[in-house]
Amino acid sequence: MLELKHIAKTFNKGLANEVVLYTDLNVEIKQGEFVTIIGSNGSGKSTFFNIVSGNIRQDKGKILFKGMDISNLREHKRSKFIGRVFQDPLKGTAPSLTILENMAMAYNKGKFYGLSRGVKPEQRELFSKELAGMHLNLENKMDVKVGALSGGQRQALSLLMATMITPDLLLLDEHTAALDPKTSDLIIDLTEQIVKEKAITTIMITHNLKHAIQHGNRLLMFHEGKVILDISGEEKKKLTTEKLIEQFNSLNVIDDIGDKLAFSQM
Ligand SMILES: Nc1ncnc2c1ncn2[C@@H]1O[C@H](COP(=O)(O)OP(=O)(O)OP(=O)(O)O)[C@@H](O)[C@H]1O
């Protein structure tokens, strides 16, 4: 459903701080896949999402979505079928609006300028039901301003908002990284529940090796702007942290990602 073909991207071309990131990046994601992405700092994971979502323009190459060439489609148009949740809990929601108003905004895809009282009773009921499904008691806080919620509650809400109108593709950009381990596990379980229930094709960047192994049916590893590991099916199911480290060792990239591995096994 998503194809990146021969993508090239250089930042700050010709300047002292030039970064040649991708020279020929090729990635294909099939309908229904749940892909986890791991990789060292600066390996090009977030830029991959920025290029898919249209936030950053590739220098060369094509992006096909369900066979349609979206290479030149603007970000706000792509956001109609691509949902994204960021690492920063402050990014996905509007703090000065209530939970109800935030949900109304997501439900109306940004076209909501009203106040809580402008939300129809049947919509309020629908939002309450969606919130109750997360078992975080947020359905009883619908008139509370989002700025007053914890990071975990905000990420749960961001996730719900990004998937309320089921997107064709969901991009999760280290969406649990800023949370404590317990809350991070909770948000991951919630992610699994929503992705399964709505059968959403999902790509999740994570620095948590345990999450990358336990979730999804395919794992990609980025290194220096390239995909250096692509594991799926039975091989992915049998994957363990030890096996992944062995794979890394054989690729001679362990030094670069050693810190990350140590961190992610905690
Ligand atoms: N807008 C930008 N302008 C200049 N350089 C950029 C920009 N975006 C990314 N880069 C550079 O491209 C490289 C890849 O960055 P990217 O954020 O994609 O890596 P990442 O794998 O997501 O890293 P991390 O794990 O640290 O989040 C880095 O060297 C980064 O500094």
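Read on for a plain summary of the structure. In this text, all values refer to a predicted model and were calculated from it rather than measured experimentally.

## Quick look at the overall build of the protein chain
- Across its full length, the protein chain carries 10 helices and 10 strands.
- Taking 2.2 N^0.38 as the reference for a compact globule, 266 residues should give roughly 18 Å; the C-alpha atoms of the protein chain span a radius of gyration of 19 Å, in line with that estimate.
- By the burial criterion, 37% of the 266 residues in the protein chain qualify as buried.
- Restricting the contact set of the protein chain to residue pairs at least 6 apart, pairs at least 24 apart contribute 69%.

## Focus: unusual backbone geometry
- In this structure, asparagine 137 takes a positive phi of about 65° despite not being glycine.
- Following the sequence through the fold, asparagine 137 ends up in the loop between helix H4 (121-132) and helix H5 (151-163).
- On the basis of neighbour count, asparagine 137 is assigned to the exposed category, with 10 C-beta atoms found within 10 Å.
- One non-glycine residue with positive phi stands out, namely glutamate 174, at about 50°.
- Tracing the backbone through its elements, the reader meets glutamate 174 in the loop between strand S7 (169-173) and helix H6 (181-198).

## Looking at the sheet that holds strand S5 (residues 68-69)
- Strand order in this open sheet of 4 strands is S2-S1-S4-S5, and the pairing throughout is antiparallel. Edge positions in the sheet fall to strand S2 (19-29) and S5, since each of these pairs with one other strand and no more.
- Two elements, strand S1 (residues 2-11) and S2, share 7 bridges in a ladder whose sense is antiparallel. Counted as the bridge partner of lysine 9 is tyrosine 22 from S2.
- Each of S1, S2 and strand S4 (60-65) touches helix H1 (residues 45-53); the most contacted strand, S1, lies at about 115° to it.

## What about the pairing of S1?
- Relative to S4, S1 is paired through 5 bridges, and the arrangement is antiparallel. By the bridge assignment for S4, leucine 2 is matched with phenylalanine 65.

## Comments concerning the sheet that holds S7
- Read across the open sheet, the 6 strands follow the order S6-S7-S8-S3-S9-S10; overall the sheet is mixed. Unpaired on one side and paired on the other, strand S6 (82-85) and strand S10 (226-232) mark the two borders of the sheet. Averaged over neighbouring strand pairs, the angle between their axes works out to 15° when direction is ignored.
- The pairing of strand S3 (residues 34-39) with strand S8 (residues 201-205) spans 4 bridges and is classified as parallel. Its bridge partner lying in S8, isoleucine 37 is registered against isoleucine 205.

## Points about the site of the ligand
- Near the ligand you find Phe11, Asn12, Val19, Leu21, Gly39, Asn41, Gly42, Ser43, Gly44, Lys45, Ser46 and Thr47, and these make up its full shell.
- Those elements giving two or more residues to the shell around the ligand turn out to be S2 and H1.
- Here the element with the most residues in the shell around the ligand is H1; it accounts for 3 residues.
- Within the shell around the ligand, the residues separate by chemical class into 3 nonpolar, 8 polar and 1 charged.

## Comments concerning H5
- For H5, spanning 13 residues, the distance from its first C-alpha to its last is 18 Å, which sits close to the expected 18 Å at 1.5 Å a residue.
- With 12 of 13 residues buried, H5 is to be regarded as a mostly interior element.
- Of the surrounding secondary structure, the elements contacted by the buried residues of H5 are S6, helix H3 (99-107), H4, S7 and H6.

## Some details on the nonpolar core
- Counting 61 residues, the largest nonpolar core has Ile37, Val52, Met103, Ala156, Leu157, Leu159 and Leu171 as the members making the most contacts within it.
- Broken down by element, the residue count for this core peaks at 6 residues, all from H5.
- Discounting residues that sit within four places of it in the chain, methionine 103 has contacts with Phe127, Met161 and Met164.

## Quick notes on the environment of glutamine 123
- Within the secondary structure, glutamine 123 is located in helix H4.
- Spatially, the C-alpha atom of glutamine 123 lies 9.3 Å from that of leucine 100, the residues being 23 residues apart in sequence.
- Non-local contacts of glutamine 123, meaning those with residues more than four positions away in its chain, are made with Ala104 and Tyr107.

The rules we used
- Residues numbered from 1 in each chain as written.
- Predicted model: local features only at pLDDT ≥ 70, side-chain atom pairs only at ≥ 80, totals over all residues.
- Helix = DSSP H or I, 4+ residues; strand = E, 2+ residues; numbered from the N terminus.
- Rg over C-alpha atoms; globule rule 2.2 N^0.38 Å.
- Buried ≥ 20, exposed ≤ 12 C-beta atoms within 10 Å, placed from the backbone.
- Contact = placed C-beta atoms within 7 Å.
- Pairing = 2+ DSSP bridges.
- Axes fitted to C-alpha atoms, helices over the stretch in contact; angles between N-to-C directions.
- Near = placed C-beta within 6 Å.
- Nonpolar A, V, L, I, M, F, W, Y, C, P; charged D, E, K, R; others polar.
- Expected span 1.5 Å × (residues − 1).
- Core = buried A, V, L, I, M, F, W, Y, C linked by C-beta atoms within 7 Å.

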